[in-house]
Amino acid sequence: MNLMNKDIWLGIGAIAFGVFLLVFAIPSFVSSPSNVPALVLAPTFWPTIVAYIIVVLGAALVISRMSGLTNESSGETANVPETREEQLYGLGRLLAMAVLMVGLVIATPIVGMVLATAIAFAFFAAIVVTPRPLTSIVVAIVLPLALYAFFSHVAGVSVPQGRFLTLP
Amino acid sequence: MIGRKMRGLQRSAILGLTAVALGVGGLVSAAAAAEYPSRPVTVVIPYGPGGATDISGRTLSVPLGKLIPQPILTVNRTGAGGATGTVSVRNAANDGYTMMIARVGSHTVNPAMKATLPYKLDEFDFVGVYEINPVACAVAANSDIKTMEDLVAKVKAKPKSVSYSSSGVGSLLHIAGAMVMREFGVENPVQDLIHIPLKGGGAAATAVLSGTATFICTNSSALASFVANKQLRPLMVTTKEPVPGFDAPTAADLGKPNLHQLVGWSGIAGPKGLPEDVKEKWRGWLKDAVADQGFLDKMTARGSVIQLMDPEESQAFIQNQYEVFRKLVDDLGMRVEG
Amino acid sequence: MNLLDNLAAALPLVANLESFLALASGITIGVVAGAIPGMSATMAVALTLPFTFALQPITGILLLLGVYKGGIFGGSIPAILIKTPGTPASSATILDGYPMAENGQAGKALGIALYASCTADVISNLSLILFAGWLASFALSFGPPEFFTLILFSLTIIAGVSGESLIKGLLSAVLGLLLATVGLDLIYGTNRFNFNDPNLMGGLNFIAVLIGLFAIPEILNYVWHPRGGEGTVRALGEQHVTFKEYRKCFRSIIRGSFIGVILGSIPGIGAAPAAFLSYSEARRRSPDKENFGKGEMEGVAASEAGNNGVCGATLIPLLALGVPGDVITAIVIGAFMVHGLQPGPMMFVANANIVYALFLGLIVSSVLLLIVGSVAVRLFRYIVDVPRSVLMPSVLILCVFGVYAVNNNVFDIIVMFTMGWIGYFMMRNGMPAAPFLIAFILGPLLEDNFRQAMLMSNGEVHILFRSYITWFFWAATAITIVALIRTGLSQRAGNRGIEALPKE
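This report concerns the structure included in the present document. Being a predicted model, the structure only gives us computed values, none of them experimental.

1. Structural notes on the interface of chain C and chain B
So, step 1. Of the residues lining the interface, 47 residues belong to chain C; the matching set on chain B comes to 40 residues.
So, step 2. In total, about 3600 Å² of surface goes out of reach between chain C and chain B, with carbon and sulfur atoms giving 63% of it.
So, step 3. Scanning the region where chain C abuts chain B turns up 8 residue pairs in polar contact (both at pLDDT 80 or more).
So, step 4. At the level of elements, helix 3 (41-52), helix 11 (198-201), helix 17 (327-338), helix 20 (388-407) and helix 22 (434-456) of chain C are the ones that each hand at least two residues to the side of chain C that touches chain B.
So, step 5. Per element, the largest residue contribution to the side of chain C that touches chain B is 6 residues, and it comes from helix 17 of chain C.

As structure tokens, then:
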């Protein structure tokens, strides 16, 4: 999909999101006291304006791309893998990263931040099939410990310790 | 190929780490049977670094650190007028290893004002209030308002012409402005005065300096340097005794004894159901900590009054202040519902 | 010659080993803390505060100011090297600093950041010494209406950092405005998009959003295509800034410094907007506009001049009025009060020797910053030589620890990761991240000041035109928008012609 079409979809998405805000999200999730003296003071005033601007900008994006008024904006700044197979692998790796992030957040209170990040490091290195497995293992062990030592003993942060392991 | 090798290494690394983990864990749990405290005590400060609560808590943690056999970790957990940090303490285990610096805003004004606050006052045990901050009301030095009578007369003559600044909805400053005005005979201070919330106590004082707001009622320590520099003029203090440096009548002089309730305070609290031995330990530690000369000097230099209450007194004092505020909020319709 | 007399009287208070040691160690602590994402300058100053109680007033305060200055500069190091701003103030430095590092010019980027910081520091300190009284009274004339118009004008920066497509830049900015509304309403204390979750009531943590927006997408991009960056030259960190290059950036540095001084002297704005404003001014006036955002040295210089210009100037309201301009100076006020000193106009009378001793110390601090900074740059530069396969997981873990440390809250890690995916989505769709960030910073200021102004006037709009300052910013905003539309139209006309040519 070229970026031109992507932009049109982006614009449509923005319009839909703006409408969702106006119709559902703002009335449901922004509470406004009944005795507000002026409209401009209401807590909903500002989010409503923002939602309208989203709709307008989304529409502007669609119109400008469809009518070809503006140049195609320059492509993805991201580096793109060449083959289709590579792209599939890339998506798989991203999915694995998402799993890693969720796991890290869940594991932190249970096993402690040091162990959780050490495992996350190793997992990350495995996802990208690191060319330097030995270095990765060493860093995976040393870096979390060093960060723990710094944050806990120098910066006075109470780094989560977990149920099994209590570091000094 | 590399991947498999990697995974093998990874597995052995994790095994190694687990082994170390179990070893260290075993050592620690061997020590855990000893009496409180056997591991570091976390003290949560529900406000940001550099604020009045933060400085008060950190100053207290210096003498406490000498008394408590384990390290104290003072951590800031900021947000939502103290609610974020307060809730985190409520949710913690009530074993005495997670305590907090409770403050007038987080434990009496907020619970009294906010209907949807995610915690209640009775979800906490107090082990001691150690600091009282007198409240003072002040106007800009170039203002034509010289006394409380002038201020009240101005409000009565033209409603909505007088404004006061606060450090946000549910702060001591918010309720103080309304409470003082009501005591002085303004029937409906919520309607007749304009409340201008700002972000933080510093900004609230600045707003009076720059003329954005007419007056402010806040902890005397927050105003001391402005009063000393003759940038602000104090109109009254809410204590029985005069506050040094504030050339203004006390609430007792003005015949408003109800306003003595209106003071700031800091104390130590934990989740409800703290064990008795934890409370007893803290009672002793606080007693010795507030006697520390360095602590006294630093706190009084900032204008606070060191006055220690034991757990029972603290509980009663806080409950009483809460009820006074709650009644005021009900009478004036100041409750935040949404 | 009153000034000189005062300075001479103050000299013995500063000219001793203790003061120099305090400043040097303060700056070192600051640079190290600033270089660690999540350890903001504010935290470093708060942590240093208890150590100053035992020291002489001057020594203690100089120590804190050293941490402050060091921290603001230190934040630029990770911004340039790993696209993770060490402090919020250094987020503008990323825009050109990281591309420079990618192009193999990390050494140059760090060098110009240091020189710009030190130059701005000197200017800021001199402004404090010479114009404190005048700037302080100017700052006090800023009420909510004036702030509102100033912030409105500052939002025009977005156009300068939008990159290729202004519409997408604005869209990104509006998302930032929306996310900034999460939390409790300032005026009524009611819930906004927080689902009654205490973690959301305080709003989204700024540093978590910042790191999520810049560092995490870069990591995800690496995961998407790990071998993509290979072959490009990232090392070669040992290039130095030549005097010619410094001279080329000099105008931007001076302009940025003064922007920093003016915004710094007004309480409540902070260093990040100053850096962005300085950056966008530098871009607007540069002949190589196109190169901004792709590794333009002047961009780094302007951002760093902007944020360091703020440092000395925040002491203006502090010393002249006793008003803290930001959280850091609020802590510094605490240090004054512990020693029985009360900042404000009377202090120039009662404790003039201390005030002038501080001035002298500040002048020395600029030189020390240069020395400590060069050592730090030399040491940190080697980070670029770390292979990506080790660097990227390390950055991830560093961010996890750092973001947790800000508020001791695991929830902030969730915010960072979520923002990371949003940021990655924006990156893949060519939506720039900088407008989002600017809007996230300025949006709440705009809304709060607007509503405070409305409270003051009982809902009358005319209060937004109450003073010369408001008129000035209304005019500036109008002129900027007109200029933007004009250049937009002429560019479009130009593009029509180019479009006929085959693309490369």
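Next, the rest of the story.
2. Points about a nonpolar patch on the surface
Residues and elements named next belong to chain C.
So, step 1. There is a patch of nonpolar side chains on the surface, built from Leu3, Val122, Leu126, Leu130, Phe131 and Trp134 and spanning about 590 Å² of accessible area.
So, step 2. Broken down by element, the nonpolar patch gets its largest block of residues, 5 residues, from helix 7 (residues 106-140).
So, step 3. The residue Phe131 is located in helix 7 in this model.
So, step 4. Classification of Phe131 by relative accessible area gives partly exposed; the value is 42%.

3. Let's talk about the packing of aromatic side chains
Residues and elements named next belong to chain C.
So, step 1. One pass over the structure, following the stated rule, counts 32 aromatic pairs over all chains.
So, step 2. Measuring from ring centre to ring centre gives 5.4 Å for Phe148 and Phe450, while their planes differ by 45 degrees; the resulting arrangement is tilted. On the criterion of sequence distance, the pair formed by Phe148 in helix 8 (residues 144-154) and Phe450 in helix 22 is long-range, its members being 302 residues apart.
So, step 3. Among the residues examined, Phe148 registers a relative accessible area of 8% and is labelled buried.
So, step 4. Residue class for Phe450 comes out buried when judged on its relative accessible area of 13%.
So, step 5. Note on Phe472 and Phe473: the rings are 5.1 Å apart at their centroids and 75 degrees apart in plane angle, and the pair reads as edge-to-face.

4. A word on unusual backbone geometry
So, step 1. Phi is positive for Lys230(B), which is not a glycine, with a value near 60 degrees.
So, step 2. Note on placement: Lys230(B) falls in the loop between helix 9 (220-228) and strand 9 (232-237).
So, step 3. Given the relative accessible area of 63%, Lys230(B) is considered exposed.
So, step 4. For Asn408(C), which is not glycine, the phi torsion reads 55 degrees and is therefore positive.
So, step 5. Note on placement: Asn408(C) falls in the loop between helix 20 and helix 21 (411-428).
So, step 6. Owing to a relative accessible area of 6%, Asn408(C) belongs among the buried residues under this scheme.

5. A word on the interface of chain A and chain C
So, step 1. Taken together, the 80 residues of chain A in the interface contact 70 residues of chain C.
So, step 2. For the pair chain A and chain C, the two sides together bury roughly 6700 Å², of which 76% comes from carbon and sulfur.
So, step 3. When the buried surface of chain A facing chain C is broken down by residue, Leu41(A), Trp46(A) and Met101(A) rank first, second and third, together holding 11% of it.
So, step 4. Taken together, chain A and chain C are joined by 1 salt bridge.
So, step 5. Of the charged contacts, one joins Asp7(A) and Lys168(C) as a salt bridge, the two residues approaching to 2.6 Å between their closest N and O atoms.
So, step 6. Viewed at the interface, chain C and chain A are joined by 12 residue pairs in polar contact (both at pLDDT 80 or more).
So, step 7. Elements supplying a minimum of two residues to the side of chain A that touches chain C: helix 1 (3-29), helix 2 (45-66), helix 3 (84-111), helix 4 (113-127) and helix 5 (133-154) of chain A.
So, step 8. Here the side of chain A that touches chain C takes 13 residues from helix 3 of chain A, the largest share from any one element.
So, step 9. For the side of chain A that touches chain C, a count of residues per class yields 56 nonpolar, 17 polar and 7 charged.

What counts, and where the lines are drawn
Within each chain, residues carry numbers counting from 1 in the order of the written sequence. Here chains are named by letter from A upward and ligands by number from 1 upward, in the order in which they appear as written. Local features in this predicted model are restricted to residues of pLDDT 70 or higher, and side-chain atom pairs are both shown and tallied only at a pLDDT of 80 or more, whereas totals for entire chains, interfaces and linings draw on every residue. Working from all heavy atoms in the structure, the side-chain values ignore hydrogens and water. Only heavy atoms matter for contacts: two residues are in contact if any of them lie within 4.5 Å across the pair. Summed over both partners, buried area is the accessible surface (1.4 Å probe) that two parts give up on being assembled. For this analysis, a polar contact is any N or O atom pair within 3.5 Å, provided that within protein one partner can donate a hydrogen and the other can accept it, and provided that sequence-adjacent residues contribute only side-chain to side-chain pairs. Runs of H or I in DSSP of at least four residues are treated as helices and runs of E of at least two as strands, each being numbered from the N terminus. The residues that make up patches have over 30% relative accessible area and no salt bridge, and they are joined within 9 Å when like-charged or within 5 Å when they are Val, Leu, Ile, Met, Phe, Trp or Tyr. The Shrake-Rupley method, run with a 1.4 Å probe, gives the accessible areas here. Residue values count only the displayed protein chains as cover. Whenever a carboxyl oxygen of Asp or Glu lies within 4 Å of a side-chain nitrogen of Lys or Arg, that contact is scored as a salt bridge. Remark: exposure states derive from per-residue accessible area (1.4 Å probe, protein chains only) relative to the maximum for the residue type, with buried under 20%, exposed over 50%, and partly exposed in between. Put simply, two rings from Phe, Tyr or Trp (the six-membered ring, in Trp's case) pair if the centres are within 6.5 Å, and we call them stacked under 30 degrees between planes, edge-to-face over 60, tilted for the rest. Each residue is assigned to one class: nonpolar for Ala, Val, Leu, Ile, Met, Phe, Trp, Tyr, Cys and Pro, charged for Asp, Glu, Lys and Arg, and polar for all the others, Gly among them.

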